[in-house]
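Residue-level listing of the chains:
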Amino acid sequence: MIATRRTSISQRKVAAEGGADYCATWIGLKAVYTTWDGERLIGTITHWSRDGMYPCVTFDDGTWARLDHEVEIVNG
């Protein structure tokens with residue numbers, strides 16, 4: 001079992017001036033995406049949604065998914 005921690009994306013910081021710097025701190029982190037069927041997939045946060053409000057993870061096969069404001073980050 002992998003060690004993870006739950007944390008929240010600060011929407012106040014995302015929307016504030018300098019939000020791009022805050023968003024950049026999330027890029028490269030490993031995160032867990034849970035499908036509707038309950039499957040837990042690990043990907044890397046590689047970009048933000050078009051509206052700039054949600055982080056997105058990319059998986060090893062090149063597909064990606066949008067995360068929510070509550071994210072599960074893989075420790076280490």
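Residues numbered from 1 in each chain as written. Predicted model: local features only at pLDDT ≥ 70, side-chain atom pairs only at ≥ 80, totals over all residues. Heavy atoms only, no water.

**Some details on the side chain of Ser49**
Put simply, the rule reads: A run of H or I in DSSP counts as a helix once it spans at least four residues, and a run of E counts as a strand once it spans at least two, with each numbered from the N terminus. Buried residues are those whose accessible area, probed at 1.4 Å on protein chains only, stays under 20% of the maximum for their type, while exposed residues exceed 50% and partly exposed ones sit between those limits. We call two residues contacting when some pair of their heavy atoms lies within 4.5 Å.
With respect to the helices, strands and loops of the structure, Ser49 is situated in the loop between strand S3 (40-48) and strand S4 (55-58). Since its relative accessible area comes to 14%, Ser49 is described here as buried. If sequence neighbours within four positions are ignored, Ser49 has contacts with Tyr54, Cys56 and Arg66.

**Re the pattern of salt bridges**
The cut-off we apply is this: Note on definitions: salt bridges are taken to be side-chain nitrogens of Lys or Arg within 4 Å of carboxyl oxygens of Asp or Glu.
The full count for this structure, using the stated rule, is 2 salt bridges. One salt bridge connects Glu72 with Arg6, and the closest N-O pair in it is separated by 3.5 Å. Of this pair, Glu72 sits in strand S6 (residues 70-74) while Arg6 sits in strand S1 (residues 4-8), and the two are 66 residues apart along the sequence. Arg40 is the salt-bridge partner of Glu72, the closest N and O atoms lying 2.9 Å from each other. Within this pair, whereas Glu72 is found in strand S6, its partner Arg40 is found in strand S3, the two being separated by 32 residues in sequence.

**Things to note about the packing of aromatic side chains**
Rule in force here: Stacked, tilted and edge-to-face pairs are distinguished by plane angle, under 30 degrees for stacked and over 60 for edge-to-face with tilted covering the rest, among Phe, Tyr and Trp rings (Trp via its six-membered ring) whose centres lie within 6.5 Å. Any Lys NZ or Arg CZ that is within 6 Å of a ring centre and within 35 degrees of that ring's normal is treated as a charge sitting over the ring.
By the definition in use, this model includes 2 aromatic pairs. Between Tyr22 and Trp26 the ring centres are 6.1 Å apart and the planes differ by 75 degrees, which places this aromatic pair in the edge-to-face class. Overall, Tyr22 belongs to the buried group, its relative accessible area being 17%. Above the ring of Tyr54, the side-chain terminus of Arg66 is found at 3.7 Å from the ring centroid.

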